[in-house]
Amino acid sequence: IDPSQYPGSPIGPPVNHRIPALETTDPETDPMEQWEYIGGFDWQFADNMAVNVRFVYKTLKKTIEDIGIITPEGEEYWHANPGFGRSKEILEANGYPNVKAIRDYMGLDIRLIKRFSNNWTGGVNFTVSKLRGNYSGLTNTDEDDRDSPNVNRNFDLWWMTFDQSWGDNIGPLQSDRRYSATIFGSYAFDKEQLNGLLDGLVVGFTESILDGLPFSTEVQLNNIQGYFPFGRGDRGRHPMATQTDIY
């Protein structure tokens with residue numbers, strides 16, 4: 001440590017950490033786009049009882065990612081909409097297949113609620129759902145939850161979207177849960193009970209049950225995470241998860 005080398009000073013020459021370059025961005029890039037459809041109904045069939053049913057469908061139309069190909073100089077990247085515009089042009093011009101980003105969610109939610117009366121309230125919520133595709137979104141769950149929005153590994157090389165048999169690597173995404181359920185309830189004591197000893201005390205519980213997440217064989221290929229040679233979810237599911245809260 002001397003006047004030219006002190007804590008916090010640079011050591012060695014500067015490093016080019018892929019400085020943004022406008023010439024590698026498709027000027028016709030569209031914003032990220034997702035369509036969502038929701039339908040359902042509420043029915044109060046008693047003074048203190050109600051049921052809610054809701055169906056949700058979400059589909060990704062376009063996203064923005066860095067897309068790469070192998071050139072004699074190494075990996076070459078540009079920003080675009082995977083499957084559209086410059087992405088489509090460059091991939092097809094170099095003989096690579098053109099693949100779009102796919103993420104589709106479908107879920108049915110059923111909820112039964114008993115509103116607070118006679119000192120207690122409670123309910124149950126049950127959801128069956130499916131999340132499939134080849135692109136998990138801005139947080140890439142294919143890479144140990146990598147938080148690099150729009151520059152994940154998904155489309156860095158063309159073969160990332162295929163399995164070893166050249167099949168489209170479309171399947172359950174890493175955060176897919178086929179079902180989940182929550183049961184909850186609480187009871188409030190008042191001064192009319194037990195001579196008022198517990199007046200104002202509220203006790204309750206919440207029980208959550210979650211389907212296990214997909215379990216996939218993943219290989220780091222060409223120093224890139226997120227390649228599934230046997231397809232997504234080829235090893236079944238992780239164990240079911242439960243959580244109990246009492247208050």
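Overview of the structure.

Calculation notes
Residues numbered from 1 in each chain as written. Predicted model: local features only at pLDDT ≥ 70, side-chain atom pairs only at ≥ 80, totals over all residues. Heavy atoms only, no water. Helix = DSSP H or I, 4+ residues; strand = E, 2+ residues; numbered from the N terminus. Contact = heavy atoms within 4.5 Å. Pairing = 2+ DSSP bridges. Core = buried A, V, L, I, M, F, W, Y, C linked by side-chain atoms within 4.5 Å. Buried < 20%, exposed > 50% of the residue type's maximum accessible area, 1.4 Å probe, protein only.

With respect to the helices and strands, the residue phenylalanine 116 is situated in strand 5 (residues 103–117). In this structure, the C-alpha to C-alpha distance between phenylalanine 116 and glutamate 76, residues 40 residues apart in sequence, is 61 Å. Filtering out sequence-adjacent residues up to four positions away, phenylalanine 116 remains in contact with Thr121 and Ala188.

Let us look at the pairing of strand 5. Pairing geometry for strand 2 (residues 49–62) and strand 5, over 11 bridges, is antiparallel. By the bridge assignment, threonine 59 is partnered in strand 5 with aspartate 104. In the sheet, strand 5 pairs with strand 6 (residues 120–133) via 13 bridges, with the strands oriented antiparallel. Bridged to isoleucine 113 within strand 6 is glycine 123. Two successive antiparallel strands, strand 5 and strand 6, enclose a turn made up of two residues, where asparagine 118 displays a positive phi of approximately 55 degrees.

What follows covers the nonpolar core. Counting 10 residues, the largest nonpolar core consists of Leu60, Ile67, Ile69, Trp78, Ala80, Leu91, Tyr96, Ala101, Tyr135 and Phe155. For this core, the secondary-structure elements that each account for two or more residues are strand 3 (65–71) and strand 4 (74–80). If sequence neighbours within four positions are ignored, isoleucine 67 has contacts with Glu76, Tyr77, Trp78, Ala80, Asn81, Pro82, Ser87, Leu91, Phe155 and Asp156. Among the nonpolar cores identified, the runner-up in size contains five residues, and Leu157, Met160, Ile224 and Tyr227 belong to it.

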